[in-house]
Amino acid sequence: MNKYSIFEIVSIIDESLYSFRYVGEEQHEFARLFDLWRDAEYLEDFFEAHKTDLSSEFWGEIDVLEAILITRKEANRLELEILNVAESGKTDRYSTLSTLFKPLYNNPLKIEHFEKNKLKGKNRPSWLRIYAIRIESNLFVITGGAIKLTPTMNEREHLLKELGKLEAARNFLMDDNNADLEIFEIF
């Protein structure tokens, strides 16, 4: 069993949006993220622990209370947008999840099979991130997400954890032993 063992893949919107649930977790990642991002107590603890990052020149003079309010509002809007686009993308090829998610690394040379992707919140700048594996233009599996207050993912432990989950998820999907999963019946 690796560090991020997948327990199951949960359908959020059939044939469009799925989410991993890891061993030891009660919720799949999509639900877990939005529950955390609405939880004022969790957000207060997070922003207090990362107050130095929050008060950096990049973010300006945002205090913890303001950060909580921004995060909760953005999370509500982001969840609705993802669900709406996942549904509309089944019939509208111009409004798919690929219009929201972008490759994890900027300027990829080509679209990879089981590409690692990220979705940023719409606020500019936004610290909300959702990470997923792209299977097709409107078929994604959520691997996790985070509040990213630093320029790169390599600077904070909670972001490194998300990189690890992305890699474990991609490896899981690429493993031929998992080819009988329901999600593979779609394509």
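Read on for an overview of the structure. (Residues numbered from 1 in each chain as written. Predicted model: local features only at pLDDT ≥ 70, side-chain atom pairs only at ≥ 80, totals over all residues. Heavy atoms only, no water.)

1. Structural notes on unusual backbone geometry
Then step 1. Positive phi, normally seen in glycine, also occurs at glutamate 15, with a value near 65°.
Then step 2. Mapped onto the secondary structure, glutamate 15 falls in the loop between β1 (6–13) and β2 (17–22).
Then step 3. The backbone of phenylalanine 114 sits at a positive phi, close to 55°, despite the residue not being glycine.
Then step 4. Residue placement: phenylalanine 114 occurs in the loop between β3 (102–103) and β4 (115–120). (Helix = DSSP H or I, 4+ residues; strand = E, 2+ residues; numbered from the N terminus.)

2. Notes on the packing of helix α2 (residues 40–49) against helix α4 (residues 64–88)
Then step 1. At a closest axis distance of 9 Å, the pairing of α2 and α4 adopts a crossing angle of 130°. As the angle between them shows, α2 and α4 are arranged oblique. Of the two elements, α2 crosses α4, and the hand of that crossing is right-handed. Seen from α2, the contacting residues are Ala40, Leu43, Glu44, Phe47 and Glu48; seen from α4, they are Val64, Ala67, Ile68, Thr71 and Arg72.
Then step 2. Among the residues making up the contact of α2 with α4, the classes are represented as six nonpolar, one polar and three charged. (Axes fitted to C-alpha atoms, helices over the stretch in contact; angles between N-to-C directions. Parallel < 35°, antiparallel > 145°, perpendicular 65-115°, else oblique. Left-handed = near helix turned anticlockwise from the far one by under 90°. Contact = heavy atoms within 4.5 Å. Nonpolar A, V, L, I, M, F, W, Y, C, P; charged D, E, K, R; others polar.)

3. What to know about the sheet that holds strand β5 (residues 128–136)
The strands making up a sheet associate through hydrogen bonds between their backbones, and the pairing can be parallel or antiparallel.
Then step 1. One open sheet holds the six strands; their spatial order is β1-β2-β6-β5-β4-β3, and the pairing between them is mixed. With one partner strand each, in any of the chains shown, β1 and β3 form the two edges of the open sheet.
Then step 2. Bridging between β3 and β4 involves two bridges; their strand directions are antiparallel. Bridge pairing in β4 places lysine 102 opposite lysine 118.
Then step 3. Across the sheet, α4 is in contact with β1, β2, β4, β5 and β6 (139–147); its angle to β5 comes to roughly 15°.
Then step 4. Contacts from helix α5 (residues 157–174) reach β1, β2, β4, β5 and β6 within the one sheet, and its direction differs from that of β6 by about 165°. (Pairing = 2+ DSSP bridges.)

4. Regarding the pattern of salt bridges
Then step 1. Under the criterion given, the structure shown has twelve salt bridges.
Then step 2. Arginine 21 is the salt-bridge partner of glutamate 8, the closest N and O atoms lying 2.7 Å from each other. One end of the pair, glutamate 8, is in strand β1; the other, arginine 21, is in strand β2, and 13 residues separate them in sequence.
Then step 3. Residue glutamate 8 is classed as partly exposed on the basis of its relative accessible area of 31%.
Then step 4. According to the relative accessible area criterion, arginine 21 is buried, its value standing at 17%.
Then step 5. Taking the shortest distance from any N to any O, the salt bridge between glutamate 29 and arginine 32 comes out at 2.8 Å. Residue glutamate 29 and its partner arginine 32 are located together in helix α1 (residues 29–38), separated by three residues, close to a single helical turn. Of the two residues, glutamate 29 and arginine 32, neither departs from the other in class, the shared state being buried. (Salt bridge = Lys/Arg side-chain N within 4 Å of Asp/Glu carboxyl O. Buried < 20%, exposed > 50% of the residue type's maximum accessible area, 1.4 Å probe, protein only.)

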